[in-house]
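Chain and residue survey
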Amino acid sequence: MDEVLRVENLHKRFGLLHVLRGIDLSVHKGETIVILGASGSGKSTLLRCLNFLEMPSEGRITIEGRLVGRETGTPGVMSYGTRELNALRARVGMVFQQFNLFPHMTVEGNVMIGPMKLRGMTEETARTLAHDNLRRVGILEKAREYPARLSGGQQQRVAIARALAMEPTMMLFDEATSALDPELVGEVLLSMRRLSEEGMTMLVVTHELGFAYNVADRVIFLEGGMVHEEGTPQEVLQNPKQERTREFLRSHTLFRLPDPAPEAAGHS
Amino acid sequence: MEYQWDFAAVFRHGDLLIEGAKGTFALAGMAILIAFPIGLLVALMRLSRLPVIAWFAVIYTDLFRASPTIVLIYWFYFAFPLLVGVDFNTFTAVSLTLGLQTGAYMAEVFRGGIQGVKAGQWQAAKALGMGLGRTLRYIILPQAVRRMVPIFFTRLTELFKTTSLAAAISYTEIVQMAQRTASDTFRPIETFTVVALFFFTVIFTASQFVRFAERRFAVPE
Ligand SMILES: Nc1ncnc2c1ncn2[C@@H]1O[C@H](COP(=O)(O)OP(=O)(O)OP(=O)(O)O)[C@@H](O)[C@H]1O
Ligand SMILES: [Mg+2]
């Protein structure tokens, strides 16, 4: 009933390279799912298929009960309309490793552009919405600044606010903290944790095992384009059943817990 | 014997030069109006994923860049009307020529500008739910154009000066009128001094304006 996302037998090929080999996934409202996996295991590709930045080669994706695309003659292969995908991407928020803020707009401009140009909001309504979301990630005081004047951590929090302002049904994070200096990682993880606690549905690709342990409802370990192991953080991180998972965890012994001090993220 | 400067004779015939200046502005204005949309269109075609479309754009740019402007002017005035069966007046022929040729140069400038915008910007716009049109209008072009302003301006300066070639088919622009003024007044030196000052003043004023606009719309990088 409150299933936000259902993925059935998802495949993605780049030419001969078979990257996703049949992923099944069901995500419920308010769940936070952390996706782990070695480099090249297909984590980014999976997220990018979920908002159709990459087109799935095969498989069905259902978002809020609505199947995306239409069946073609070939079983499992779907065709998608441009309008349908644009509308869908507006409802699925995505945060990138490289922030990708729009440098020619102020911070609030970055957050307002989507609501104004895609949801038909007036400038005033969009500004209110933008400020609400900038406050949510603790960066309202930078509303009038340009992105170039912000630290990486601040930029990433603006990127989160930009996605939130579209009032998405779920949020995708692709290594949102990997491009940050170590001392800036905490503030972004803290914002993400708050979001999770507010009940946002989130799929998070990260190497921060501390975040996975403390925040995730479920952890998924991807290997060779398939879900290799899945379970609660305790199950997957502390008692992994699969040898590959254990191997992966051995190379990620660093448990960096998100800093619980609220000041760290500049919240007032 | 020392040359006796006499600008008074030129100014007595000033109405000719003013008429010519109007002609020059009209020509440059129309050519710019043609050049910008053509340039953007050809640039987008050039960046298209469909090889046929990209190929058309390459042909267009190379054709117009390879031909001397004066040849194109003659061609659009004399040959093109024969092909399509409509006569062009001199204004139409020259503004079309200059517009289309400048458009070909603009296309390269636009293309460079658009390609200079990071791939992540397209991704972010797409992820928000923007289609191609909105992405170009709100995200890509504002960044591309800012960077292209100096090259655009150089091109427009060239265009403005090239309008003088319209004299070749007797269009009423300032150089054509200067030639008449010079022969009416027997004062070619003064006449062309005035014309040179005219070009300098217009371009200098425009360059100051562009500099102001660049500062006004600058964004911290
Ligand atoms: N656009 C593409 N074209 C061709 N191959 C691609 C493309 N995108 C990804 N791949 C390949 O697909 C595989 C999975 O890539 P993906 O980026 O999903 O891995 P990942 O798990 O996110 O890795 P990392 O931890 O390094 O980010 C890799 O072998 C990659 O080279
Ligand atoms: Mg990745």
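Reading the values: the criteria
- Residues numbered from 1 in each chain as written.
- Chains lettered and ligands numbered in written order.
- Predicted model: local features only at pLDDT ≥ 70, side-chain atom pairs only at ≥ 80, totals over all residues.
- Heavy atoms only, no water.
- Core = buried A, V, L, I, M, F, W, Y, C linked by side-chain atoms within 4.5 Å.
- Buried < 20%, exposed > 50% of the residue type's maximum accessible area, 1.4 Å probe, protein only.
- Contact = heavy atoms within 4.5 Å.
- Pairing = 2+ DSSP bridges.
- Helix = DSSP H or I, 4+ residues; strand = E, 2+ residues; numbered from the N terminus.
- Axes fitted to C-alpha atoms, helices over the stretch in contact; angles between N-to-C directions.
- UniProt positions renumbered as here; feature names shortened; annotations may be inferred.

1. Let's talk about the nonpolar core
All names here are of chain A. With 58 residues, the main nonpolar core has L5, L50 and L203 as its most contacted residues. Apart from residues no more than four positions distant in its own chain, L203 is found in contact with L5, L25, V27, I33, I35, L47, L50, M170, M171, L172 and F173. Listed in part, the 47 residues of the second largest apolar core include A143, A159, A165 and A212.

2. Quick look at the sheet that holds strand β1 (residues 3-14) of chain A
All names here are of chain A. With antiparallel pairing, the 4 strands of this open sheet are ordered in space as β2-β1-β4-β5. At either end of the open sheet lies a strand with only one pairing partner, and these are β2 (17-28) and β5 (66-67). Inspection of the sheet shows strand β4 (residues 58-63) paired to β5 by 2 bridges, in the antiparallel sense. Along β5, the bridge assignment pairs I63 with R66. Sheet contacts for helix α1 (residues 43-50): β1, β2 and β4; angle to β1, the most-contacted strand, approximately 120°.

3. Here we look at the sheet that holds strand β9 (residues 170-174) of chain A
All names here are of chain A. Reading across the sheet, the 6 strands line up as β8-β9-β10-β3-β11-β12 and stay open at both edges, with mixed pairing between neighbours. Since the sheet does not close on itself, it has two edges, and those belong to β8 (92-95) and β12 (226-231), each with one partner. Pairs of neighbouring strands in the sheet enclose a mean axial angle of 20°, with direction left out of account. Here strand β11 (residues 218-223) runs beside β12; their pairing, made up of 5 bridges, is antiparallel. When the sheet's bridge partners are listed, L222 is paired in β12 with V227.

4. Things to note about the UniProt feature "domain: ABC transporter" (unreviewed entry) in chain A
Here, UniProt's "domain: ABC transporter" (unreviewed entry) annotation points to residues 5-249 of chain A. Split by type, residues 5-249 of chain A is 38% helix and 27% strand. Its first and last C-alpha atoms lie 27 Å apart.

5. Some details on the UniProt feature "domain: ABC transmembrane type-1" (unreviewed entry) in chain B
The UniProt record annotates "domain: ABC transmembrane type-1" (unreviewed entry) at residues 21-210 of chain B. As a span, residues 21-210 of chain B carries 84% helix and 0% strand, and end to end its C-alpha atoms are 21 Å apart.

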